[in-house]
Amino acid sequence: MLYFGGFFGVLTLGLWLFCLVDVITTDDGDARNLPKLSWLLIVLFFPLVGSIIWLVAGRPVRVTGRPQAYERNMPAFPEYDRPGRFAAVDSESDAEFLRRCRERAEEQRRKARGETN
C-alpha cells in the first residue's frame, strides 16, 4: 500500500506541475469561466482538486483544424492572422499578384514625381 501512496503522490505532483505551468503560460483572455489569476490561486492552493477543475473547466479549448488551400499554416506576423486571408495556391497566381503590385508601385512613383502618362 505504501507503493500506491508514493505513486499517487508522484502522479499528483506531476499533474499539479503540469497544470501550474499551463495556467501560467495561458494568455490572460483565454482562460475559461474565471480570470487567470483566480485559476492560478486555485491550482496553487488546492493541488489535486484545483488541477482537475482547471483541466475540466478552465483550460482554453484549442481547436486544431486543417487550414484550407487559401489560408496560411502559421502566420509569421500577427497582421496576417486573419481567417480567409489569401495565399497563392500556385506560382502563376503568385506571379500575377506580384506583377500587379509592381505596376501599382510604379504608378504611385510616377504620380509622386508629377509625371503624366
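Everything that follows concerns the structure shown earlier in this document.
Please read these numbers as outputs of a predicted model, since none were measured by experiment.

Colleague: Would you explain the pattern of salt bridges in this entry?
Modeller: A side chain with one charge may pair with a side chain of the opposite charge, provided their charged atoms come close. All told, the structure shown has 7 salt bridges when counted by the stated rule. Two residues, Glu103 and Arg99, come together in a salt bridge whose shortest N-O distance is 2.4 Å. Here Glu103 pairs with Arg99, and both are found in helix α4 (residues 91-113), just 4 residues apart, close to one helical turn. Counted as one network, the salt bridges with shared partners bring together Glu96, Arg99, Arg100 and Glu103.

Colleague: Would you mind showing me how to read the nonpolar core here?
Modeller: Proteins that are soluble and globular tend to have nonpolar side chains buried together. Grouped together as the largest cluster of nonpolar side chains are 8 residues: Trp16, Cys19, Leu20, Val23, Ala31, Trp39, Val43 and Trp54. Only α1 (2-25) and α2 (36-45) provide two or more residues apiece to this core. For this core, the element with the most residues is α1, which contributes 4 residues. In contact with Leu20, other than residues within four places in its own chain, are Leu40, Val43 and Leu44.

Colleague: Looking at this structure, I do not really get the side chain of Thr26. What am I missing?
Modeller: Tracing the sequence through the fold places Thr26 in the loop between α1 and α2. In contact with Thr26, not counting residues within four places along its chain, are Ala31, Lys36, Trp54, Pro60 and Arg62.

Criteria and cut-off values
- Residues numbered from 1 in each chain as written.
- Predicted model: local features only at pLDDT ≥ 70, side-chain atom pairs only at ≥ 80, totals over all residues.
- Heavy atoms only, no water.
- Salt bridge = Lys/Arg side-chain N within 4 Å of Asp/Glu carboxyl O.
- Helix = DSSP H or I, 4+ residues; strand = E, 2+ residues; numbered from the N terminus.
- Core = buried A, V, L, I, M, F, W, Y, C linked by side-chain atoms within 4.5 Å.
- Buried < 20%, exposed > 50% of the residue type's maximum accessible area, 1.4 Å probe, protein only.
- Contact = heavy atoms within 4.5 Å.

In short, shape yes, function no, at least from these values alone.
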